[in-house]
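# Structural overview
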Amino acid sequence: QVQLVESGGGLVQAGGSLRLSCAFSGRTFSNYAMGWFRQAPGKEREFVAAIRYSGGSTYYGDSVKGRFTISRDNTANTVYLQMNSLKPEDTAVYYCAAAPVYSIVTEPFRYTYWGQGTQVTVSS
């Protein structure tokens, strides 16, 4: 069974940066595409970023493009989300997810495993 554990969330001022980490265990990490999603109170879960199994290809949601960077370390079984130039509207619970495919995945229903989420709060 795959387990995903996010860390790195917290409170930051607008314009600041945070780096989220998601530790993967239970299966072979390099067999999974990974993604980050977020959900703000009263809103639907939103796609943030995704990365291919090898890390060679990435894809971003329009609202974070140019500010966030997803990466992965297949030796450390970890996926990261570097978030720069944070805005109050980035405030949400951030979730990492794993899909047992090699390609980029943006649809939530294609992800099999989810972490418990980490809160990111950006103050104005």
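Structural data are supplied above this passage.
A brief report on the enclosed structure follows. What you see is a predicted model, and the numbers here were worked out from it, not measured in a lab. (Residues numbered from 1 in each chain as written. Predicted model: local features only at pLDDT ≥ 70, side-chain atom pairs only at ≥ 80, totals over all residues. Heavy atoms only, no water.)

Read from one edge to the other, the open sheet built from four strands follows the order β1-β3-β8-β7, with strand pairing classed as antiparallel. Edge positions in the sheet fall to β1 (3-7) and β7 (68-73), since each of these pairs with one other strand and no more. In this sheet, neighbouring strand axes are inclined to one another by 15° on average, regardless of whether the strands run parallel or antiparallel. (Pairing = 2+ DSSP bridges. Helix = DSSP H or I, 4+ residues; strand = E, 2+ residues; numbered from the N terminus. Axes fitted to C-alpha atoms, helices over the stretch in contact; angles between N-to-C directions.)

If you look at the biggest cluster of nonpolar residues, it comprises 30 residues, and the most contacted ones within it are Leu4, Met34, Trp36, Leu81, Met83 and Tyr94. Elements with a minimum of two residues in this core: β3 (18-25), β4 (33-39), β5 (46-51), β7, β8 (78-83), β9 (92-99) and β11 (118-123). Beyond its immediate chain neighbours, meaning those up to four positions away, Leu81 contacts Leu18, Arg19, Leu20, Trp36, Val48, Ala49, Phe68, Thr69, Ile70 and Tyr94. Within the second largest apolar cluster, eight residues are counted, among which are Ala33, Ala50, Val105 and Tyr111. (Core = buried A, V, L, I, M, F, W, Y, C linked by side-chain atoms within 4.5 Å. Buried < 20%, exposed > 50% of the residue type's maximum accessible area, 1.4 Å probe, protein only. Contact = heavy atoms within 4.5 Å.)

Our next topic: the packing of aromatic side chains. Inspection of the entire model under this criterion finds nine aromatic pairs. Between Phe37 and Phe47, the ring centres sit 5.7 Å apart and the planes meet at 70°, which makes this aromatic pair edge-to-face. Residue Phe37 is located in strand β4, and its partner Phe47 is located in strand β5; the two are separated by ten residues in the primary sequence. For the pair Phe37 and Phe47, one class covers both residues: buried. Geometrically, the ring pair formed by Tyr53 and Tyr102 is tilted, given 4.3 Å between the ring centres and 40° between the ring planes. A residue pair is termed long-range when its members are at least 10 positions apart, and Tyr53 in the loop between β5 and β6 (58-60) and Tyr102 in the loop between β9 and β10 (113-114) qualify at 49 residues. (Phe/Tyr/Trp six-rings, centres within 6.5 Å; stacked < 30°, edge-to-face > 60°.)

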